[in-house]
Amino acid sequence: MTTQFVYGAAKGASGKVYTFSGTATDDTEFTLQSNTSTSGVNQAGSLNIGQLAEGDSITHFSVTASGHTPLYAYLEDPNGRVAMPITSLGKANINQTGCMVALPQPVRMINGFTIKVLTTDATAGKEKVGVSLYGPGPMSKDVFTATIANGTAASFVSVKTGLPVGQALSGQTVNGAVVSGGATANMAAALSFPFVILQSSSGSSKAALALQNGDAFGVKSQDIASVRIDQNDAMEVFGKA
């Protein structure tokens with residue numbers, strides 16, 4: 001299994017900055033914690049964000065990895081739900097390291113909050129896409145992945161429930177997305193269409209989400225206006241034959 005080193009930086013409403021780092025195994029979700037040996041910051045090590053920043057509200061965040069841009073990163077609440085996607089992802093070098101940007105909404109930290117990250121293998125033929133959707137409601141946030149298939153549409157499923165978007169977020173309204181190809185070097189050859197499509201059961205498109213090349217430019221959130229998710233909606237990416 002391949003690994004990457006992952007870094008995170010967050011800012012609270014208090015003005016404090018919190019740093020995190022650690023080694024992630026590709027294609028295995030990883031809990032990112034504080035690490036005094038690499039951050040150079042005077043804070044306790046081996047703590048989750050809920051312990052380190054308890055009582056503070058996190059307003060800004062960025063997560064970056066040493067090999068390729070993560071597929072996703074999010075704050076998980078003590079109940080195991082997606083509390084907020086992290087909306088700035090990048091590759092750790094001088095040009096592409098993601099900037100700390102404002103979260104869609106501040107998230108108040110209590111003990112039990114964690115940072116979850118997924119990095120991915122960069123081998124051709126294993127191209128994956130991560131999509132984080134979020135909206136104003138407390139249940140309107142989830143994270144999805146799909147693996148690009150040659151000549152067919154690959155459907156996204158929730159990393160929490162394994163359900164397609166229509167079942168995972170049924171009745172919720174979303175207004176933003178984060179779309180990362182992770183190992184983006186092979187994406188152009190693998191895709192027949194450079195967007196992730198959110199569509200209804202009738203086949204009409206509700207949103208087109210641009211697949212961003214995080215290794216070259218970083219990944220940022222996309223404003224998709226307000227989209228209501230219905231039970232039979234699907235989200236797909238299209239592979240080249």
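Let us look at the structure shown here. (Residues numbered from 1 in each chain as written. Predicted model: local features only at pLDDT ≥ 70, side-chain atom pairs only at ≥ 80, totals over all residues. Heavy atoms only, no water.)

**A word on the overall build of the protein chain**
Tallying secondary structure elements over the protein chain gives 5 helices and 19 strands in all. The C-alpha atoms of the protein chain give a radius of gyration of 17 Å, which matches the 18 Å a tight globule of 241 residues would have. Counting only C-alpha atoms and orienting by the principal axes, one finds that the protein chain spans roughly 55 × 35 × 25 Å. Relative to all contacts within the protein chain whose residues are 6 or more apart in sequence, the contacts with residues 24 or more apart total 70%. For the protein chain, the accessible surface area stands at approximately 9900 Å², while carbon and sulfur atoms represent 50% of it. Averaging the coordinates of the 14 positive side-chain charges in the protein chain and doing the same for the 15 negative ones gives two points 4 Å apart. (Helix = DSSP H or I, 4+ residues; strand = E, 2+ residues; numbered from the N terminus. Rg over C-alpha atoms; globule rule 2.2 N^0.38 Å. Contact = heavy atoms within 4.5 Å. Areas by Shrake-Rupley, 256 points an atom, 1.4 Å probe, with all protein chains shown as cover. Lys, Arg positive; Asp, Glu negative; His and termini not counted. Charge placed at Lys NZ, Arg CZ, Asp CG, Glu CD.)

**Re the nonpolar core**
Core analysis: the biggest nonpolar cluster contains 29 residues, and F20, I49, I58, F61, L75 and I115 have the highest contact counts within it. The greatest single-element share of this core, amounting to 4 residues, is contributed by strand β4 (residues 57-65). Once you skip the residues sitting within four places of it in the chain, L75 turns out to touch I49, F61, R81, V82, A83, M84, I86, L103, V107, M109, T114 and I115. Residues V131, A146, V179 and L209 belong to the second largest nonpolar core, which totals 25 residues. (Core = buried A, V, L, I, M, F, W, Y, C linked by side-chain atoms within 4.5 Å. Buried < 20%, exposed > 50% of the residue type's maximum accessible area, 1.4 Å probe, protein only.)

**Notes on the pairing of strand β5 (residues 72-76)**
With respect to burial, β5 is a largely interior element, 5 of its 5 residues being buried. Side-chain alternation along β5 places Y72, Y74 and E76 on one buried face and A73 and L75 on a second face that is also buried. Of the strand pairs in this sheet, β5 and strand β9 (residues 114-118) are connected by 5 bridges, and their pairing is antiparallel. Note that in β9 the partner of A73 across the bridge is V117. Of the pairings in the sheet, the one linking β5 to strand β6 (residues 82-85) comprises 3 bridges and is antiparallel in character. Residue pairing across strands places E76 opposite V82, the latter belonging to β6. Linking two consecutive strands that pair antiparallel, namely β5 and β6, is a turn of 5 residues; a positive phi of about 85 degrees is found at G80 within it. (Pairing = 2+ DSSP bridges.)

**So, the sheet that holds β9**
Here we have 4 strands laid out as an open sheet, ordered β3-β9-β5-β6, and antiparallel in their pairing. A single partner strand is all that each edge strand has here, and the edge strands are β3 (30-32) and β6. Strand-to-strand twist across the sheet, computed as the mean angle between neighbouring axes with direction ignored, equals 35 degrees. (Axes fitted to C-alpha atoms, helices over the stretch in contact; angles between N-to-C directions.)

**Quick notes on the sheet that holds strand β19 (residues 234-238)**
Judged by pairing direction, the sheet is antiparallel, and its 4 strands sit side by side in the order β12-β19-β15-β16 without closing on themselves. The open sheet is flanked by β12 (153-155) and β16 (205-210), the only strands paired with a single partner. With strand direction ignored, the average angle separating the axes of adjacent strands in the sheet is 30 degrees. By the bridge criterion, 5 bridges tie strand β15 (residues 195-199) to β16 in an arrangement that is antiparallel. Within the sheet, the bridge partner assigned to V196 lies in β16 and is L209.

**Things to note about the packing of aromatic side chains**
Taken as a whole and assessed by the stated rule, the structure comprises 4 aromatic pairs. With a centroid separation of 6.3 Å and 20 degrees between ring planes, the pair formed by F20 and F61 is classed as stacked. Of this pair, F20 sits in strand β2 (residues 17-25) while F61 sits in strand β4, and the two are 41 residues apart along the sequence. Considered together, F20 and F61 belong to a single accessibility category, that of buried residues. Between Y72 and Y74 the ring centres are 5.8 Å apart and the planes differ by 35 degrees, which places this aromatic pair in the tilted class. By relative accessible area, which is 3% here, Y72 ends up buried. (Phe/Tyr/Trp six-rings, centres within 6.5 Å; stacked < 30°, edge-to-face > 60°.)

All we've got here are geometric facts, nothing functional implied.
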